[in-house]
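# Coordinate analysis (summary)
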Amino acid sequence: MQTRDIPAPTPAHSTLAIEATRIFDGERIIGPRRVEIRDGLITAVHTAGQALDATITIRLPPEVILSPGFIDLQVNGGGDALLNDTPTLEGIRRIAEAHRCFGTTGLLPTLITDHADKMHALEAIASEAMTVPGVLGVHLEGPHLNLHRKGIHPPEFVRPMTGNDRDLLLRFARHGRSLVTLAPELCPADAIASFVEAGLRVSVGHSEATAAQIAAAQDHGLTCVTHLFNAMSQMTAREPGIVGATLADDRLFAGIIPDGICVSPQNLKTAFRAMGRDRLILVTDAMPTAAGQIPFFHLQGRRITLHDGRLTDAAGTLAGAHITMDMCIRNAIAMMGASLEDALVMATRTPARCLGLERELGRITPGYRADLVAFDADVAVHRTWIAGRD
C-alpha cells in the first residue's frame, strides 16, 4: 500500500482512501474518519483505526476538514471568462476550473438574457459540456423576465415566451439538471408544468409576481427563487410579494448572494432565520472577475467595473457579484450568524436537493459521488476531488 501526505494526481480505477481528523458528512462535523473511494463513488466511511485495502492513502493535515464539494447554482463567469461571450465548451471549462480552485465541484454555468442565437449556441454544445468536470447542467436566467425588474439584463433581449422559445428551453432538459429562471406572471399558464415534466428545474426571478401568482406557479412545479431579494417584488403590509412568499412557504428553495452588497447583512440574517439551512442556498452569481485577474469586463456593450467588491455599470446598476463559494461560506458565518455546519449545508446538501441530486451529491456516505473539498479553519481550500479525481 502506498501512503503519502502531499497532493498528487489520483490514478483512474484505483482505490483511494482519504484520512481526515474532521469530516463534514453533510449533516454535522465528525471525525476522525477514513473515506474509501473507487470508480468515482464513496464505497465506505470508516472510523479511525480500521484497516483499508487501498491503493493510495491521502492523509490530510489535522487542521483540514473534508467536506462534500460546494455546489453553485448560478455562475455567469469566472477566471476572466463570461458565458454570454463564450458559450463554448472551452468557455465552460475555463469557468468551471476557475471556481474549482475555491471549492466548487458542481455548478450550473449561467447564461443571462441575450440574443436567441446565444441560447442556440449553448444548447448545441450542452451535451459535451456535461463531460466537463463539475458541470451539473446549465442555468438559463432569462430572457422571459419582467422588464420592470430587469436589473442588468439588456431590455432589448427581454421578451415574451413564444412557442419556439418554449421548444428551445425544453431541449435543455436533456442536459443534466438544468434550471430556468423566468417571470411566471408573463409566461403561458402551462409552460412551467411542461418544463418540470421534461426534467427542468424552474425558478422565479426578475419578476413582479404576487404571492398568489407564485402559489399558482408552485402548483405547476416551480420550486426555487433566484437571488432572493434582488430584482423581485418585495414584501409589503398587504402584499407578500415574492420575498414574503419565499420566507413563508416551506416548499420553496431560494438562492441568495451573501456578499453583503447585493443583499444587506441584516436581510441575509432575516432570510436565514426564516428559512434555515434546509431551504436557503448560497450562490455566487459570479461574473468574470471572480477567480480572475482583470478588474472589469464588458457585458453586451456595457463596461462593468469592479470597485470595493462591487460590480456596476456606468449608471451604478449592480451586475452580478465578485465572490466565490469559499467567500460565501465565510460570509454566511459572519453575516447570517450561521455555524460552519449550517453554512456547509447551504453550500452542499441543500443545492443538491434543489436539483434533485440528493441521492448522489451533498453527503459523504457510501453510494454518493466522491465530489469532495478539503479546507482549513479559514475555509481556505487545499484540494478538491470530482468523482474521486483531483
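We now turn to the structure provided with this report. The model shown is predicted, which means the values in this text are computed figures rather than measured ones.

Thresholds applied
- Residues numbered from 1 in each chain as written.
- Predicted model: local features only at pLDDT ≥ 70, side-chain atom pairs only at ≥ 80, totals over all residues.
- Heavy atoms only, no water.
- Salt bridge = Lys/Arg side-chain N within 4 Å of Asp/Glu carboxyl O.
- Helix = DSSP H or I, 4+ residues; strand = E, 2+ residues; numbered from the N terminus.
- Buried < 20%, exposed > 50% of the residue type's maximum accessible area, 1.4 Å probe, protein only.
- Phe/Tyr/Trp six-rings, centres within 6.5 Å; stacked < 30°, edge-to-face > 60°.
- Lys NZ or Arg CZ within 6 Å of the ring centre and 35° of its normal.
- Arc of directions from axis to C-beta.
- Contact = heavy atoms within 4.5 Å.
- Pairing = 2+ DSSP bridges.
- Expected span 1.5 Å × (residues − 1).

If you walk through the whole model with that rule in mind, you get 18 salt bridges. Linking R34 and E19 is a salt bridge whose minimum nitrogen-to-oxygen distance equals 3.1 Å. Highlighted residues: R34 in strand β5 (residues 33-38) and E19 in strand β2 (residues 15-20), separated in sequence by 15 residues. Across this residue pair, the class does not change: R34 and E19 are buried. As a salt-bridge pair, R174 and E123 come within 2.7 Å of each other at their nearest N and O atoms.

Under the criterion given, the structure shown has one aromatic pair. Taken together, a centroid distance of 6.0 Å and an interplanar angle of 45° make the contact between F70 and F375 tilted. Of this pair, F70 sits in strand β9 (residues 70-75) while F375 sits in strand β22 (residues 372-375); the two residues are 305 residues apart in sequence, bridging distant segments of the chain. F375 carries the same exposure label as F70, and that label is buried. One residue, R303, lies across the ring of F296, its end atom 3.9 Å from the ring centre.

Those residues of helix α3 (residues 163-171) lying buried are D165, R166, L168 and L169. The buried residues of α3 all sit within an arc of 160° when viewed along its axis, so they share a single face. Packed against the buried residues of α3 are α2 (116-129), β13 (139-141), β14 (179-182) and α4 (191-198).

Glancing now at the environment of Q213. Note that Q213 resides in helix α5 (residues 211-219). Q213 gets classed as partly exposed once you look at its relative accessible area, which sits at 33%. C-alpha separation for the pair Q213 and A121, spaced 92 residues apart in sequence, amounts to 32 Å.

Time to look at the sheet that holds β13. Sheet architecture is open: eight strands sit in the order β9-β12-β13-β14-β15-β16-β17-β18, paired in parallel fashion. Each edge of the open sheet is held by one strand with a lone partner, namely β9 and β18 (280-282). The pairing of β9 with strand β12 (residues 104-112) spans four bridges and is classified as parallel. Bridge pairing in β12 places V75 opposite P109.

The next thing to look at is helix α1 (residues 89-100). With 12 residues, α1 extends 16 Å from end C-alpha to end C-alpha; this agrees with the ideal 16 Å at 1.5 Å per step. For α1, the set of buried residues is G91, I92, I95, A96, A98, H99 and R100. On its buried side, α1 packs onto β9, β10 (77-78), β11 (81-82), β12, α2 and β23 (381-385).

Further remarks concern the environment of F253. Within the secondary structure layout, F253 lies in strand β17 (residues 253-256). For F253, a relative accessible area of 12% translates into the label buried. For the pair F253 and T350, spaced 97 residues apart in sequence, the C-alpha to C-alpha distance is 8.3 Å. Discounting residues that sit within four places of it in the chain, F253 has contacts with T223, C224, V225, M275, D278, R279, I281, T350, R353 and C354.

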